[in-house]
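Structural overview for review
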Amino acid sequence: MLKMHLPDEAATRALGARLARVIAPGLALYLHGDLGSGKTTLARGLLRGLGYQGRVKSPTYALVELYTLSRLNLYHFDFYRFKDPNEWRDAGFNEYFNDTSVCLVEWPEKAAGLLPVADLDITLEFAGDGRDLSVRPGTESGKACVHRLMQMPL
Ligand code: ADP
Ligand code: MG
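Below: a short report on this structure. No experiment lies behind these values; they were computed from the predicted model shown.

**What to know about helix α4 (residues 140-151)**
With 12 residues, α4 ought to run about 16 Å at 1.5 Å a step, and its terminal C-alpha atoms sit 17 Å apart, in line with that. Residues of α4 that are buried include every one of Gly 142, Cys 145, Val 146 and Leu 149, and no others. Angular distribution of buried residues about the axis of α4 spans 95°; they occupy a single face of the element. Exposed residues on α4 whose side chains face more than 90 degrees from its buried face are Glu 140 and Gln 151. On its buried side, α4 packs onto β1 (2-6), α1 (9-20), β6 (120-127) and β7 (130-137). By the N-cap criterion, in which a side-chain oxygen at the helix start approaches the backbone nitrogen of a residue two or three places on, α4 is capped by Thr 139, the distance to Ser 141 being 3.4 Å.

Structural data, given as structure tokens:
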């Protein structure tokens with residue numbers, strides 16, 4: 001497991017950008033943490049790191065935003081408003097979790113039992129004016145990511 005302190009928003013974005021350099025198609029990354037803990041900020045940093053120049057909005061009613069990037073496709077989910085398990089089936093969300101896409105998921109707890117196992121569980125917690133981050137691998141692919149992240153110069 002990797003732990004670090006993120007003193008400000010820029011640090012959260014920078015960590016997202018570093019993550020962009022170690023991820024590969026097929027990964028499922030879950031973002032845990034209370035409202036305002038920085039999950040969408042991290043998603044923004046990650047998308048910038050992947051070369052996305054546009055605006056990164058919070059996924060709302062559709063629960064998911066697709067980003068088609070040169071290296072990979074990224075689905076950004078936010079299950080904060082997710083209630084009805086039938087919606088999972090009707091929207092065909094299972095098919096989003098495949099070998100060619102990266103899935104980045106806010107509020108995975110709200111779709112527990114439907115989501116596949118995470119390659120990386122990323123947790124943000126309030127710590128003073130900043131945040132504490134932990135990155136926990138759940139699969140061998142996740143372990144390889146954390147390994148590459150730890151080898152990367154700051
Ligand atoms: P969430 O998606 O978890 O609800 P957001 O990403 O929308 O949270 O962030 C909420 C606020 O937290 C934003 O105002 C952002 O600037 C701030 N923030 C993000 N990371 C940090 C950090 N490491 N330290 C202090 N503030 C942060
Ligand atoms: Mg958010």
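**Focus: the pairing of strand β5 (residues 101-106)**
Counted residue by residue, β5 has 6 buried out of 6 residues, so it is predominantly covered. Neither face of β5 is open: one carries Ser 101, Cys 103 and Val 105, the other Val 102, Leu 104 and Glu 106, and all of them are buried. Across 4 bridges, strand β2 (residues 28-32) lies against β5 in parallel orientation. What sits directly across from Ala 28, in β5, is Cys 103. In terms of strand pairing, strand β4 (residues 73-78) meets β5 through 6 bridges, oriented parallel. Note that in β5 the partner of Asn 73 across the bridge is Ser 101. Following the chain from β4 across helix α3 (residues 85-91) to the adjacent parallel β5, one finds a crossover that is right-handed.

Calculation criteria
Residues numbered from 1 in each chain as written. Chains lettered and ligands numbered in written order. Predicted model: local features only at pLDDT ≥ 70, side-chain atom pairs only at ≥ 80, totals over all residues. Heavy atoms only, no water. Helix = DSSP H or I, 4+ residues; strand = E, 2+ residues; numbered from the N terminus. Expected span 1.5 Å × (residues − 1). Buried < 20%, exposed > 50% of the residue type's maximum accessible area, 1.4 Å probe, protein only. Arc of directions from axis to C-beta. Contact = heavy atoms within 4.5 Å. Polar contact = N/O pair within 3.5 Å; in protein donor to acceptor, adjacent residues only side chain to side chain. Pairing = 2+ DSSP bridges. Right-handed = clockwise from strand over helix to strand, strands pointing away.

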